Amino acid sequence: MSLFWRIFSLNATGLIAAAALLLGPVTVSTPVLPAEALVVVVGLATLLAGNAIVLRLGLAPLRRLGRAMATADLLRPGARAVVAGPAEAAELITTYNAMLDRLESERAAGTARALLAQERERQRIARELHDEVGQTLTAVLLQLKRVADRAPEELRGEVGQAQEATRAGLDEIRRIARRLRPGVLEELGLVSALRSLAAEFTTHGLTVRHHITGDLPPLTEQSELVVYRVAQEGLTNTARHAGADRAEVRLRPLADGVELLVRDNGKGLGTAPEGAGIRGMRERALLIAADLSLEAGHHDGTEVRLRVPVTAGDR
Ligand SMILES: Nc1ncnc2c1ncn2[C@@H]1O[C@H](COP(=O)(O)OP(=O)(O)O)[C@@H](O)[C@H]1O
Ligand SMILES: [Mg+2]
């Protein structure tokens, strides 16, 4: 029954009962006798208590709905408010749940488009860096070599330095291009790409190990890219924020998929709010229906875990 009819019928019953009593055997004197006052007070109190109970029970689902709305997060989809209570509340909760369905699917489609565009743009920039700037610097390097061959003795040192600087610039550009477009992923596959990622992040202060075990089921191109990007962001965060000296990248098969684990022994996530990096990981995980969790490590540090489902169609 709707909240309207619950309250209406409760009050109507109370008032009709009072009127019936007045028309019937009951009299009210002036001034009011104590016994009569008692009857009136008890009647009023009963009516008020009835109203309070009906309203409280009827509005409780709305309060729960308010809490669900306040904590709804499209990056953690799937949570729905329980449909309960009087008709008005149940209808509102159903509409809210339908709105979440719509928002989540729109968000997923929008994210997929944005990430695809981002990957394409990265590839374009990587290609241009490699083809344009890279070619120009290579030409400069050759020119410098010719100059060095003909330069008088006292200029050779300086020309040599210019050659060194140009060579360093070329290396830097190749590195940036590689980071923008995980070419190893296309050429050698995920396992080699993760190994080279671990090597890339190993510096004098940080040792990154990799454990890639077992027979991994084949992943789609999309899933491989998500695993790679999550590992890349996880290690970037380790290098940037954790102050760790050891980290590891693990990839292992599960009964129904693959699990990536990026773990460090640094200072841990703490209460830092999630930034664009972690949000990016969540969006990428959503894209392939993978499950992402970030938590404190067993002893200390941070653990990023990505569980990628592999459906029968992928095998
Ligand atoms: N491995 C980690 N160790 C310690 N703190 C971390 C780690 N990863 C993330 N954080 C914390 O979480 C915050 C959000 O990370 P992120 O979303 O990647 O944003 P950003 O890296 O741009 O700051 C970081 O600023 C940092 O404080
Ligand atoms: Mg980051």
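Throughout what follows, the structure given in this document is the object of discussion. (Residues numbered from 1 in each chain as written. Chains lettered and ligands numbered in written order. Predicted model: local features only at pLDDT ≥ 70, side-chain atom pairs only at ≥ 80, totals over all residues. Heavy atoms only, no water.)

1. Remarks on a positive patch on the surface
Okay, step 1: Together, R56, R63, R64 and R67 line one region of the surface with positive charge.
Okay, step 2: Structurally, the position occupied by R56 is in helix α2 (residues 34–71). (Patch = residues over 30% accessible without salt bridge, like charges linked within 9 Å, V, L, I, M, F, W, Y side chains within 5 Å. Areas by Shrake-Rupley, 256 points an atom, 1.4 Å probe, with all protein chains shown as cover. Salt bridge = Lys/Arg side-chain N within 4 Å of Asp/Glu carboxyl O. Lys, Arg positive; Asp, Glu negative; His and termini not counted. Charge placed at Lys NZ, Arg CZ, Asp CG, Glu CD. Helix = DSSP H or I, 4+ residues; strand = E, 2+ residues; numbered from the N terminus.)

2. Section: the packing of helix α3 (residues 87–150) against helix α8 (residues 276–287)
Okay, step 1: Running from N to C, α3 and α8 cross one another at 110°; their axes reach a closest spacing of 10 Å. Classified by the angle between their axes, α3 and α8 sit roughly perpendicular to one another. Where α3 abuts α8, its residues R107, A108, T111, A112, L115, Q118 and E119 lie against E283, R284 and L287.
Okay, step 2: For the contact of α3 with α8, a count of residues per class yields four nonpolar, two polar and four charged. (Axes fitted to C-alpha atoms, helices over the stretch in contact; angles between N-to-C directions. Parallel < 35°, antiparallel > 145°, perpendicular 65-115°, else oblique. Contact = heavy atoms within 4.5 Å. Nonpolar A, V, L, I, M, F, W, Y, C, P; charged D, E, K, R; others polar.)

3. A closer look at the environment of T213
Okay, step 1: Its location among the elements puts T213 in the loop between β1 (207–212) and α7 (221–242).
Okay, step 2: Taking relative accessible area as the criterion, T213 reaches 39% and is therefore assigned partly exposed.
Okay, step 3: Each C-alpha atom, one on T213 and one on R252, is 5.3 Å from the other, the two residues being 39 residues apart in sequence.
Okay, step 4: If sequence neighbours within four positions are ignored, T213 has contacts with L251, R252 and P253. (Buried < 20%, exposed > 50% of the residue type's maximum accessible area, 1.4 Å probe, protein only.)

4. A look at the site of ligand 1
Okay, step 1: By nearness alone, 16 residues border ligand 1, and E233, N237, H241, G275 and I278 come closest of all.
Okay, step 2: At 2.7 Å from an oxygen atom of ligand 1 is found a side-chain nitrogen or oxygen belonging to H241.
Okay, step 3: Its free accessible area being 540 Å², ligand 1 has 82% of it covered by the protein chains.
Okay, step 4: The dominant element in the shell around ligand 1, judged by the number of residues it contributes, is α7, at five residues.
Okay, step 5: Classifying every residue of the shell around ligand 1 by side-chain character gives six nonpolar, six polar and four charged. (Near = heavy atom within 4 Å. Polar contact = N/O pair within 3.5 Å; in protein donor to acceptor, adjacent residues only side chain to side chain.)

5. A few points about unusual backbone geometry
Excluding glycine, residues mostly carry a negative phi; peptide bonds, for their part, are mostly trans.
Okay, step 1: Of note, the amide linkage connecting T30 to P31 takes the cis form, showing an omega dihedral of -10°.
Okay, step 2: Mapped onto the elements of the fold, P31 is located in the loop between α1 (3–23) and α2.
Okay, step 3: Non-glycine residue A289 carries a positive phi angle of around 55°.
Okay, step 4: Along the chain, A289 turns up in the loop between α8 and β4 (291–296).

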